[in-house]
Structure formats: C-alpha cells, structure tokens
Amino acid sequence: GGGAQGGMCGSLKYDLFADLVWRSDSVIKPFEEAFPADRLFVGETDGSSFPNGGLRVTHAAAAFTTWDRGSPPFVHDDVLYIPCCFITHLGTSIDAKTPLLRSSDAVNRQALRLLKAMGKAPKATACYNYLGWEQEFFVVPAALHRARPDLVNCGRTLIGRLPTMHQQSELHYFAPVPLRVQELMTKIQEKMLLVGNPMTVKHNEVAPGQHEMCPIFSISNASADSNVFFMQVAREEAAKLGLVVLFHEKPFKGINGSGKHCNWSVGTDTGVNFFHPGKTADSLEIYVAGIACLAYGLRKHNELVRCAVAHAGNDHRLGAQEAPPAIISLYPGHNFEAHVDSIIAGGPLAGLNIEKKLIDPGSRNTMAVPAGVEDRNRTASFPHCGNRFEFRGVGSSQNCAMPVTICNVVFASGCAALAGLLEGGMNLRDAVAKMFQENREVIFTGNGYSKEWPAEAARRGLPNLNTTPLAARTFNTDRAKALFKELGIFEAEEVDARAELMFEDYCTIVSTEALTLVKMVETGILPACAKDLACFVNAPFLAGDRVETYKAIKVESDRLRDLAATHQNDSLEAEAFYLCETVKPQMEKVRSLVDKAEELTNAEYYPYPTYEALVYSHHS
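Read on for an overview of the structure. Here the residue index of a chain counts from 1 through its sequence in written order. Where totals are concerned, whole chains, interfaces and linings use all residues; where local detail is concerned, this predicted model gives features only for residues with pLDDT of at least 70, and gives and counts side-chain atom pairs only at 80 or more. Note: side-chain values were computed over all heavy atoms of the structure, leaving out hydrogens and water.

Counting its regular elements, the protein chain contains 19 helices and 18 strands. As defined in this context, the radius of gyration uses C-alpha atoms, and a globule is described by 2.2 Å times the residue total to the power 0.38. What you see for the protein chain is a C-alpha radius of gyration of 26 Å, in line with the 25 Å of a compact globule of 620 residues. Principal axes of the C-alpha set define a box for the protein chain whose edges measure 90 × 85 × 60 Å. A total of 620 residues make up the protein chain; the buried ones form 54% of that total. A helix here means a DSSP run of H or I that spans at least four residues, while a strand means a run of E at least two residues long, and both kinds are numbered starting from the N terminus. Between buried and exposed lies partly exposed: a residue is buried under 20% and exposed over 50% of the maximum accessible area for its type, with that area taken using a 1.4 Å probe on protein chains only.

Below, the structure is given as structure tokens:
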C-alpha cells in the first residue's frame, strides 16, 4: 500500500536450474543442469526478514513456499515463474495468497451447502470465485522522477501546484493515448499475452498522465497473480522507454488518484452465477439469495471490508469525489432495492423484473443499445454490474488478494447463515426476507459523494472509518477472530499479526513521508527562497508576500521535523494515531506554504520538476 518504487505486491526468489552430480565419486562434485521435481512444488527460505507481525523472528525464521496449483506457472525472460503460498514452520500464513486460497475453499463449502439447502443446482460439484481487475496508474518521465525525492522515496508528491490546465475540462479521459505511453502499453500487452494474460482494454483516465489497463477476468487466485506480474512488467517496460509507472493511489494532489477496481463474482462449475438473475425461476431465486448473503456479510462484518482497503496511500483517495467513501454499503440497483422491500413486506422472491431495455439513440444511422437492468453507481463501494459486484475501494498499489479474500469471507458467512436457517426448517422465501430485513441498512442506492450520506450512514449504524488507524484497530476483534476461525481463514495469532502489520506499514509510510518533506524543504526549497529574495534587495516593494511566506515555511518545517522525531512508544497503534492526527496535519501546513512559494519563486530557482513537467512533458 505504499506505492514507492521498490515497494512490492509479490516477492521473488530465483533458483538456478542446476544441481550437483551426486553420482560422481569426486569429493568436490561437479554440477549439471537439473530441475528436481520437488523444486516445482516446495522451497524453503527465511521468513523473519519479511513483514510478518511477529509470526517469525530471527531465532525461529523458517518459512516455506508451496506451489498454488490453481495458478499456472509461466515463463518470462527465460525464468520459470511458479506462483506460491508462503507459510511458516508452524503453518501460519505470512503472505496474501494463502488466505485467498483458504477463503476460496470457504466459499466452495458454504455456497454448495446453501445450494443443497435450497434444493438448487443439484449437479454442481464446485463453486469458484472470479476476479477481473482494472489497473489505473500514472506515467512520468524517468529523469524527472529521479529529480523528485518524494516520488523516489514515497511514490507520491509531497509538494507541488497543479498546472493551470489539468482535468477541469475532462479533456484527457478517453483522448488519444500519447505516443510514448501508447508504445509502453503495447509492449505491456505483448508481454502479458505471452504468459496467457490478454489485456483487453487500455485507455486514458481522467487526470493528465493517468491511464488504465484491464484483462479478461479469471479465477481469483490466478487473476491476482497476473496483476502482480502486470505491475512488474509495467515497471520493466517503462524503464526501457525512459518512463516510470506510478502505482501510488494519489501521486498528485488536486487531480484524481488511482484505484484497482476488483470485479468479483461467484459461480458453480455448472454455470450458475450467484450474481446474475439468469433466465429461469431457479436462477432468479439463487440470484436474490446470493445478494441476501452478501448484504448479510457486508452488514455484519462491515469493518473487515473497510480494513481490506485500508492503508496510507488509499487514505488520500477514499471519499475524495473520485472513489467511494470509506463507508461500506451495497448497491444492488434501484429496482432491486424496491424488490428487497417487497420481499420484506411478504412478496415473492421471483417478482423482480429482469428484462433488459433498448435505448434508442434517435438516429437512423445507429442501432438501439441493449442496456442493463440497472444503472451504474460510481459512488458506491460495492455496486452491482450485471453479473458481478465491483469492489471500487481497492487502491492501485494493493495486491488484489486480500480484498478478494474479504469479499469471499463475507459472502461465505452469509451463505452459512442462510443455509443454517433453511436447515433449521425455515422456507426459502421467509429466510431470505429475514436476511434482508436484518441487514436492510447496508443497502444504499443514493449518491455516496453527497454531504448527507455520512449522517445517513451514521443513522443506519454503518461505521465511517475514514483513516487507516481507525479501520486497523477493528480488524482483530474477538468477533472477527471467531469469523476467520469458523471459516478456516486465520487462527487468532494470524489475525493479530495482520492488525500489527497494518499499523506498522502505516507508521513506516507516514514517517518516511514526513522526513522526506523536511529534507526537501531544507535542502531545496529554503535555498531557492533565499535566492529568490535576493532578487528584491533593491526593490522590496515588489517582493509581495515572499518574506512572510518563506519565514513561515522555515517555522512550520522545523515544527514538522520536531514532531516527526517524537514517538509514541506505547504501541504501534498509538504511534499510528499520532502520525495520523498530529504529523499529517503539520505536513499539510508545510505543503500549503511551499505550494504558495512555488507560485511566487522565480522558476529558475525552483529546485524540483513541476507538476506540469511531470504530467505533460512526455506527451509530445
């Protein structure tokens, strides 16, 4: 969730296809090209040097890789990549893949259990979960990137003013892709296609310098792996072209940030989709029941869903009129919302109108457009999109695995709850009505960007965990631990470790940002201010606000340096809240003054590449 260069969504360990010739009688045995079969399946390495929340230490460090056989190996640049889980000597997970696979097993068990209790889809023997990701990113020139300590160390700019023309007129969105970026995206497409991951969509995004690429959806674990590989390939190919890809959620203040929308669905091996109404009475009832299960999970375990997208980078994006708010709600569509209320009032499950409509463009040159049953809602955190739900809160620098894990967890919990009601003797209509009635508050089809929504959400009892520290402290509650244990996702110590890592990651990122900002001010901005002031020695009446502004920068930067050097030693949680509530506001104070100075300072003296140069200079 940091987004800085060198940050990783996946780890790599390279082994050479070589081994000793054990049949040789020589004391110093020769070696030969070899690939023992066991290397395909397992490996061993040090686990203590990875973020692990205390699950590994230097004197108890063993950790093991084991091939995820549901995610195909592939070859890239003469290297065989084998997607693996990463577990400790005690079997605890210190990766993102293992919980995703465990959650997939939970969905399989509970969804099949539900279908059996409903008397539906009798031929189904497995339930799978699917992922289609939409990766947004910025592209900047490598030379300018190297000249910005904030981009190098933090992945985002800590200071900088917008150019006079940025995204006000929305001229960049879907415009022709700049030639150098087009070349980059074509190279990425070629590399991804070679390993079996066709990138089917590429286009400009809303902000200048921002773009998006998307693949065909796949089984979630393989799709999450393909996204990690995509990020690697994007950086590799960009470097060859003198460019850098930025995956941080908010590289530039004042223009849109980047997300990684996760389109997620659940279906059987016989073609039944829990999130598509289908064409039969059975498929429609499964659809209604599936959304009831999702509503249950999102309402009962709302905080966990928020935690899945909680990290320092995403705090700059959520709720900023470009991404859903930090309040987690479910958008099934206006018609479906009315249908929910009808079911609660005693109506049938199958009373939903699912007929698609044709939209007439009003021209004889154009054909009518077949439209979905429901409109799209880009302000919702969990909107329905025809045959799937889109988790819009996922940040662009994240690994998809953990957000999808939590999607699976909340859905499996709903399936278990509904199956339990049916197994206890309640009929399907009444059981689904009960699920909707008890979780009605999580369904919201209005404008998530409106100023009224937070107050309405509070009235409904939905939490607004609008910072990472607020979210992180809800992850390892007794209730959450019980859920993870029941579904076979985490033991209690694994949950505690993840919560600790959330705080640790947040503290590391914000501390790094604060120290980087102070250094940039002291070594670049203040010297530039001094040079600029010297120009007005003989004409002080032209200096305007320079003296006051430059003095204030020094005062507030010194204060930030002192605050950043102060630590709350009680716990990582206390440190995270201190950084969030004390250090970050001071960073904003310094930034506002430095950005004002950029407007005043002679351009010759300004020490860092400007926003204008970063987002536009590679477009020609």
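After presenting the structure, the write-up continues.
Before going further, it helps to examine the packing of helix α2 (residues 97-118) against helix α11 (residues 401-423). All axes are obtained by fitting lines to C-alpha atoms, using only the stretch in contact for helices, and the reported angles, taken between N-to-C directions, cover 0 to 180 degrees. At a minimum axis distance of 8 Å, the contact between α2 and α11 shows a crossing angle of 25 degrees. Between α2 and α11, the interaxial angle falls into the category roughly parallel. When you trace α2 past α11, the crossing you get is left-handed. Classifying every residue of the contact of α2 with α11 by side-chain character gives 17 nonpolar, 6 polar and 2 charged. Any angle between 65 and 115 degrees counts as roughly perpendicular, while under 35 counts as roughly parallel, over 145 as roughly antiparallel, and the rest as oblique. For any pair of crossing helices, the crossing counts as left-handed if the nearer helix is rotated counterclockwise from the farther one by less than a right angle, and right-handed if it is rotated clockwise. Classification convention: Asp, Glu, Lys, Arg as charged; Ala, Val, Leu, Ile, Met, Phe, Trp, Tyr, Cys, Pro as nonpolar; all other residues, Gly among them, as polar.

Here Ser 413 is to be found in helix α11. Note on definitions: a residue-residue contact is assigned when non-hydrogen atoms from the two residues lie within 4.5 Å. Non-local contacts of Ser 413, meaning those with residues more than four positions away in its chain, are made with Tyr 296, Gly 297, His 301, Leu 483 and Leu 487.

Before going further, it helps to examine the sheet that holds strand β3 (residues 42-46). Whether two strands pair depends on DSSP finding at least two bridges between them. Pairing is antiparallel in the open sheet, where 3 strands are placed in the order β3-β4-β7. Looking along the sheet, the strands with just one partner apiece sit at the ends: β3 and β7 (84-88). For this sheet the average axis-to-axis angle between neighbouring strands, irrespective of direction, equals 25 degrees. Bridge count between β3 and strand β4 (residues 62-67): 5 bridges; the pairing is antiparallel. When the bridges of β4 are listed, Asp 46 appears paired with Ala 62.

Of the positions making up helix α15 (residues 478-487), those classed as buried are Ala 480, Lys 481, Leu 483, Phe 484 and Leu 487. Projected onto a plane normal to the axis of α15, the buried residues spread over an arc of 160 degrees and lie on a single side. Within α15, the exposed residues directed more than 90 degrees away from the buried face are Asp 478 and Glu 486. In the core, the buried residues of α15 are packed alongside α2, α8 (302-307), α11 and α16 (492-534). A positive phi of about 80 degrees marks Gly 488, the residue just after α15. What the arc describes is the spread of directions from the helix axis to the C-beta atoms.

Aromatic rings from Phe, Tyr and Trp, with only the six-membered ring used for Trp, were paired whenever their centres fell within 6.5 Å, and each pair was classed as stacked if the ring planes differed by under 30 degrees, edge-to-face if by over 60, and tilted otherwise. The full count for this structure, using the stated rule, is 27 aromatic pairs. When the ring of Trp 264 is compared with that of Phe 275, the centres are 5.2 Å apart and the planes differ by 50 degrees; the resulting orientation is tilted. With Trp 264 in strand β13 (residues 260-268) and Phe 275 in the loop between β13 and α7 (281-300), the pair connects residues that are 11 residues apart, well separated along the chain. Summarising the burial analysis for this pair, Trp 264 and Phe 275 share the class buried.

By salt bridge we mean one thing: a side-chain nitrogen of Lys or Arg within 4 Å of a carboxyl oxygen of Asp or Glu. Inspection of the entire model under this criterion finds 32 salt bridges. The partner of Lys 97 in a salt bridge is Asp 225, and the shortest N-O contact between them spans 2.7 Å. Here Asp 225 lies in helix α6 (residues 220-240) and Lys 97 lies in helix α2, a separation of 128 residues in the sequence. Residue Asp 558 is joined to Lys 554 by a salt bridge in which the shortest nitrogen-to-oxygen separation is 3.3 Å. One end of the pair, Asp 558, and the other, Lys 554, are both in helix α17 (residues 546-564), 4 residues apart, so they sit about a helical turn from each other.

Right, let's get into the pairing of strand β12 (residues 243-246). Side chains Leu 243 and Val 245 project from β12 onto one buried face, and the interleaved Val 244 and Leu 246 project onto a second face that is buried too. Direction of pairing for strand β8 (residues 127-141) relative to β12: antiparallel, over a ladder of 4 bridges. Paired with Val 140 across the two strands is Val 244, which belongs to β12.

Another aspect to go through is unusual backbone geometry. Even without glycine at this site, Asp 77 takes up a positive phi of about 50 degrees. Following the sequence through the fold, Asp 77 ends up in the loop between β5 (74-76) and β6 (79-81). Classification of Asp 77 as partly exposed rests on a relative accessible area of 48%. Positive phi, close to 65 degrees, is recorded for Asp 78, a residue that is not glycine. The topology assignment puts Asp 78 in the loop between β5 and β6. The exposure class assigned to Asp 78 is exposed, which follows from its relative accessible area of 78%.

In this section: a nonpolar patch on the surface. What goes into a patch is any residue over 30% in relative accessible area without a salt bridge, connected to like charges within 9 Å or, for nonpolar side chains (Val, Leu, Ile, Met, Phe, Trp, Tyr), within 5 Å. Accessibility throughout is a Shrake-Rupley quantity obtained with a 1.4 Å probe, and a residue counts as covered only by protein chains that appear here. On the surface, a nonpolar cluster with roughly 330 Å² of combined accessible area is contributed by Phe 17, Phe 35, Val 75 and Leu 80. As for its position among the elements, Val 75 is in strand β5. According to the relative accessible area criterion, Val 75 is exposed, its value standing at 53%.

All right, on to the environment of His 618 then. Among the secondary structure elements, His 618 is positioned in the segment after α19 (611-616). Note on His 618: relative accessible area 1%, which makes it buried. Once the C-alpha coordinates of His 618 and Val 139 are considered, the two residues, 479 residues apart in sequence, prove to be 8.7 Å apart. The contacts of His 618, once residues within four sequence positions are left out, are Val 139, Val 140, Pro 141, Arg 180, Val 181 and Leu 243. Here Val 139 takes part through its backbone oxygen, which lies 3.0 Å from a polar atom of the side chain of His 618. Definition of a polar contact: a pair of N or O atoms within 3.5 Å, with one able to donate and the other able to accept a hydrogen when the atoms are protein atoms, and with sequence-neighbouring residues admitted only if both atoms are side-chain atoms.

Assignment of secondary structure puts Ile 525 in helix α16. Residue Ile 525 is classed as buried on the basis of its relative accessible area, which comes to 2%. In sequence terms Ile 525 and Tyr 606 are 81 residues apart; their C-alpha atoms lie 7.2 Å from each other. Residue contacts for Ile 525: discarding those within four places in its chain leaves Ile 159, Met 520, Ile 553, Val 594, Tyr 606, Pro 607 and Tyr 608.

Attention now moves to helix α5 (residues 179-194). A helix is expected to span 1.5 Å multiplied by its residue count minus one. Given a rise of 1.5 Å per residue, 16 residues ought to cover 22 Å, and the 23 Å separating the end C-alpha atoms of α5 matches this to within 8%. Packed against the buried residues of α5 are β8, β9 (199-204), β10 (210-215), α6 and β12. Just beyond α5, the residue with positive phi is Gly 196, at close to 85 degrees.

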